[in-house]
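Spelled out from the first residue to the last, the chains are:
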Amino acid sequence: MALLEMSFQSDVLGFEQQLAVILPDPRALKLEENGAPDTDDLTVLYLLHGYHGNHLDWTRYTMLERFVEESRKKIAVVMPSGLTYYYADMARGWKYFTYIAEEVPLLAKSYFHISAKPENTHVAGLSMGGAGSVKLALTYPERYATVSSFSGALDPVGRANKIDVIAPERAAHYNNIYGDDKQARIGGAEDIMHLLDVAAASGKKLPKIYQACGTADFLWEDNLAFRDKALSLGYDLEFYQEEGVGHEWTFWNSEVKKLIDRLPASAI
Amino acid sequence: MLVKINYLSQILDEQVTFHAILPEPRIMKIYESGEPVTKDLPVLYLLHGYRGGPSDWQRKTGVEQFLHEAMKHMIIIIPGGYNFWYTNMVQGKRYFDLIADELPRVVQSYFHVSQKKEDTYVAGLSMGGYGAMKLALTYPERYGYAASFSGAVDPFAMKELDDIVDPKMLDMRLAMEKEQDWIFGPKEGRAGSANDTMALLDKIDPAVCPKLYVSCGTQDDLYEGNCAFRDKALAKGVDITFYEQGSTGHEWRFWNAEIEKVIKHWLP
């Protein structure tokens, strides 16, 4: 596979951004054998990192590139950076949600040969990125075929509203993201548990949800609550749990392999 | 926008790194309609010199800024040629085929790039100027424009070893001689071969020859070779622009000014 690292000026954020992209390599595309370029549109997976991470996390801490190669699937993996901002349009700060929802796909489709069809568009992430992925899929269900959350922080507003107790050193940061009014956060655009209701009531075709979490993860309870609510609303949701597993890359490495292997994409 | 790309080459059977400079999203007017901009762009292949690499142009000139200021919708591709003279080695790998065949196929597969002659440009400095001329004269049907700055365009008419006074230059030259034996084969077979740009110029049909731009400093060791190339091109009736600059040797300051000129004014 080919690994691309891009640096450019983001219009939405107003400063430089980096994206990492994995594309099929010339051998996989049989460029030498065909003696011609392959300009077919690729199935795309938008893959989001967790808190403290950036666009390089998935390539640094998992075997993602090898998994894509071994799957022999024609896919592009696009990895943006959301730092610690919960992929949110911040109350005080920057529009990270608009960035990953609008700008990143627009750039990916403009610069590369990437399918614009919802059935070829997938999103996934771990922890904070699981939250970002689910938020994308529930806000714009018509854009994504599947969403996968690994150890996702699926009740971010619930956590943010307890941050004074859980991690007081992050309180100011969370206030910048979610705003100072704790009540107003509930039922808002960042409230994923609420977005489950909104998407279900929208009448739109809902993306398939895959949700994985370890039973020893500090987000385990939140994941159970999300699962139960989604199932009660009739979502097509596959739940996977692993005994005694915490919040860890070993788990995300095996989960991203499973994701690549089940992703519907044309074979090479 | 700067993109760094790593992939496994089919032709070399080893990892290859190249850089791509693309117009920033705002220059591409990606935001104006909200739709992806997928128009095929003209492409400039830009080759580095001896002892250089794919990051040379980026690090030592303002090439990205020049593209930005020119407001041109154009992609610049900067491959790595190591010390291999963009040549299929007599004993070794096919660095000419890499740049001539594989790289364009990869670039056309990954990005939205025109395959038309009039949209395909090649340029380089020193060894890369030689590479640019060799590509243009070997495959005139593929390139619309080709530029050489301080190029080794008369590659087999280098200074006699006895004429080199500087001991450091002599060491470098001796190492180069050894490499050239592996690359070009024995000295006596080089003149008139497919690697002899002067011989290629002899055979070129001026009606199909790409537009050429050749520049050199008058203090450069390669100045005489450049004059010889110019004279032969003019005698053949090839469309060539020649520029010489006084008090100028083999130096980045000159190449910085030249690439600015070529991007902004010489290329369409």
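Bear in mind that the values here come from a model prediction, so they are computed numbers and not experimental data.

### A word on the overall build of chain B
(1) Moving on: Counting its secondary structure elements, chain B contains nine helices and eight strands.
(2) Moving on: For 268 residues, the compact-globule estimate of 2.2 N^0.38 gives 18 Å, and chain B sits close to it at 18 Å.
(3) Moving on: By residue count, 44% of the 268 residues in chain B fall in the buried class.
(4) Moving on: For chain B, the proportion of contacts with a sequence separation of at least 24, taken over those separated by at least 6, is 72%.

### Some remarks on the overall build of chain A
(1) Moving on: The helix and strand tally for chain A stands at 13 helices and eight strands.
(2) Moving on: Taking 18 Å as the expected radius of gyration for a compact globule of 268 residues, we find that chain A reaches 18 Å, a close match to that expectation.
(3) Moving on: For chain A, the C-alpha atoms occupy an extent of roughly 60 × 40 × 35 Å along the three principal directions.
(4) Moving on: Across chain A, contacts joining residues at least 24 apart in sequence account for 71% of those joining residues at least 6 apart.

### Examining the nonpolar core
(1) Moving on: With 155 residues, the main nonpolar core has Val 21, Ala 76, Val 77 and Val 78 of chain A together with Ile 76, Ile 77 and Ala 146 of chain B as its most contacted residues.
(2) Moving on: With ten residues, helix α5 (residues 96-111) of chain A is the largest single contributor of residues to this core.
(3) Moving on: Excluding anything up to four places from it in sequence, Ala 76 of chain A contacts Val 21, Ile 22, Leu 23, Leu 42, Val 44, Phe 112 and Ile 114 of chain A.

### Considerations on the interface of chain B and chain A
(1) Moving on: Residue-level contacts link 28 residues of chain B with 27 residues of chain A.
(2) Moving on: Secondary-structure elements contributing two or more residues to the side of chain B that touches chain A are β1 (2-8), α1 (30-33) and α4 (95-110) of chain B.
(3) Moving on: It is β1 of chain B that provides the largest number of residues to the side of chain B that touches chain A, a total of seven residues.
(4) Moving on: Taken together, the residues that form the side of chain B that touches chain A break down as 17 nonpolar, six polar and five charged.
(5) Moving on: Relative to β1 of chain B, strand β1 (residues 2-9) of chain A is paired through five bridges, and the arrangement is antiparallel. Within β1 of chain B, the residue paired with Ser 7 of chain A across the bridge is Leu 2 of chain B.

### Some points on the pairing of strand β8 (residues 240-245) of chain B
All names here are of chain B.
(1) Moving on: Both strand β7 (residues 211-217) and β8 contribute to a ladder of six bridges, which runs parallel. From the neighbouring strand, Leu 212 faces β8, where its bridge partner is Ile 240.
(2) Moving on: Handedness of the β7-helix α8 (residues 223-236)-β8 crossover: right-handed.

### Here's the deal with the environment of Ala 70 of chain B
(1) Moving on: Within the fold, Ala 70 of chain B resides in helix α3 (residues 63-70).
(2) Moving on: Distance from Ala 70 of chain B to Thr 218 of chain B, taken between C-alpha atoms, is 28 Å for residues 148 residues apart in sequence.

### Overview of the environment of Val 21 of chain A
Residue and element names in this part refer to chain A.
(1) Moving on: Summarising the element assignment, Val 21 is placed in strand β2 (residues 16-23).
(2) Moving on: Spatially, the C-alpha atoms of Val 21 and Thr 98 are 19 Å apart, while their sequence positions differ by 77 residues.
(3) Moving on: Apart from the residues lying within four places of it in its own chain, the contact partners of Val 21 are Leu 4, Met 6, Ala 76, Val 77, Val 78 and Phe 112.

### So, unusual backbone geometry
(1) Moving on: With a phi angle near 50°, Ser 151 of chain A is a residue other than glycine that sits in the positive phi range.
(2) Moving on: Relative to the elements of secondary structure, Ser 151 of chain A occurs in the loop between β6 (146-150) and α7 (156-160).
(3) Moving on: Of note, Tyr 86 of chain B is a non-glycine position whose phi angle comes to about 45°, a positive value.
(4) Moving on: On the neighbour-count criterion, Tyr 86 of chain B (27 C-beta atoms within 10 Å) is buried.

### Notes on the confidence of the model for chain B
(1) Moving on: When pLDDT is averaged along chain B, the result is 94, and 100% of the positions lie at 70 or above.
(2) Moving on: Of the two predicted TM-score estimates for the complex, the pTM is 0.90 and the ipTM is 0.85.

### Some details on the pairing of strand β3 (residues 43-47) of chain B
Regular strands place their side chains on alternate faces of the sheet.
All names here are of chain B.
(1) Moving on: When you tally the buried positions in β3, you get five out of five residues, the bulk of the element.
(2) Moving on: Judged by which residues are buried, β3 turns out to be covered on both faces: Val 43, Tyr 45 and Leu 47 on one side and Leu 44 and Leu 46 on the other are all buried.
(3) Moving on: For β3 and strand β4 (residues 75-79), the ladder comprises three bridges, and the chain directions are parallel. When the bridges of β4 are listed, Val 43 appears paired with Ile 75.
(4) Moving on: Pairing of β3 with strand β5 (residues 120-125) involves five bridges; the strand directions are parallel. Looking at β5, one finds that Leu 47 is bridged to Gly 124.

### Looking at helix α9 (residues 171-178) of chain A
All names here are of chain A.
(1) Moving on: Residues Tyr 174, Ile 177 and Tyr 178 constitute the buried set of α9. Considered in projection along α9, the buried side chains sweep an arc of 75° and stay on one side of the axis.
(2) Moving on: Tucked inside the fold, the buried residues of α9 contact α7, α8 (163-166) and α10 (182-185).
(3) Moving on: Backbone geometry just downstream of α9 places Gly 179 in the positive-phi region, at approximately 90°.

### Here we look at the packing of helix α4 (residues 64-71) of chain A against helix α13 (residues 249-262) of chain A
Helices that pack against each other are described as a pair by the angle of their axes relative to one another and the distance between those axes.
All names here are of chain A.
(1) Moving on: As a packed pair, α4 and α13 sit with axes 9 Å apart at the nearest point and diverge in direction by 25°. By the angle between their axes, α4 is roughly parallel relative to α13. Viewed along their axes, α4 and α13 form a crossing whose handedness is right-handed. In this structure, α4 uses Leu 64, Phe 67, Val 68 and Ser 71 to contact α13, whose residues at the interface are Val 256, Lys 257, Ile 260 and Asp 261.

### Some details on the packing of α3 of chain B against helix α9 (residues 252-266) of chain B
All names here are of chain B.
(1) Moving on: Relative orientation of the contacting elements α3 and α9 amounts to 25°, with a least axis distance of 9 Å. One way to sum up the angle between α3 and α9 is to call them roughly parallel. Remark: the crossing between α3 and α9 carries right-handed chirality. Facing α3, whose interface residues are Val 63, Phe 66, Leu 67, Glu 69 and Ala 70, α9 presents Ile 259, Glu 260, Ile 263 and Lys 264.
(2) Moving on: Split by residue class, the contact of α3 with α9 holds six nonpolar, no polar and three charged.

### Quick look at the environment of Phe 112 of chain A
(1) Moving on: Its place among the elements puts Phe 112 of chain A in the loop between α5 and β5 (121-126).
(2) Moving on: When the 22 C-beta atoms within 10 Å are taken as the criterion, Phe 112 of chain A is described as buried.
(3) Moving on: Sequence spacing of Phe 112 of chain A and Leu 42 of chain A is 70 residues, and the spatial spacing of their C-alpha atoms is 8.8 Å.
(4) Moving on: Discounting chain neighbours no more than four positions away, the residues touching Phe 112 of chain A are Val 21 and Ala 76 of chain A together with Tyr 110 and Phe 111 of chain B.

About the criteria used
- Residues numbered from 1 in each chain as written.
- Chains lettered and ligands numbered in written order.
- Predicted model: local features only at pLDDT ≥ 70, side-chain atom pairs only at ≥ 80, totals over all residues.
- Helix = DSSP H or I, 4+ residues; strand = E, 2+ residues; numbered from the N terminus.
- Rg over C-alpha atoms; globule rule 2.2 N^0.38 Å.
- Buried ≥ 20, exposed ≤ 12 C-beta atoms within 10 Å, placed from the backbone.
- Contact = placed C-beta atoms within 7 Å.
- Core = buried A, V, L, I, M, F, W, Y, C linked by C-beta atoms within 7 Å.
- Nonpolar A, V, L, I, M, F, W, Y, C, P; charged D, E, K, R; others polar.
- Pairing = 2+ DSSP bridges.
- Right-handed = clockwise from strand over helix to strand, strands pointing away.
- pLDDT = per-residue confidence, 0-100.
- Arc of directions from axis to C-beta.
- Axes fitted to C-alpha atoms, helices over the stretch in contact; angles between N-to-C directions.
- Parallel < 35°, antiparallel > 145°, perpendicular 65-115°, else oblique.
- Left-handed = near helix turned anticlockwise from the far one by under 90°.

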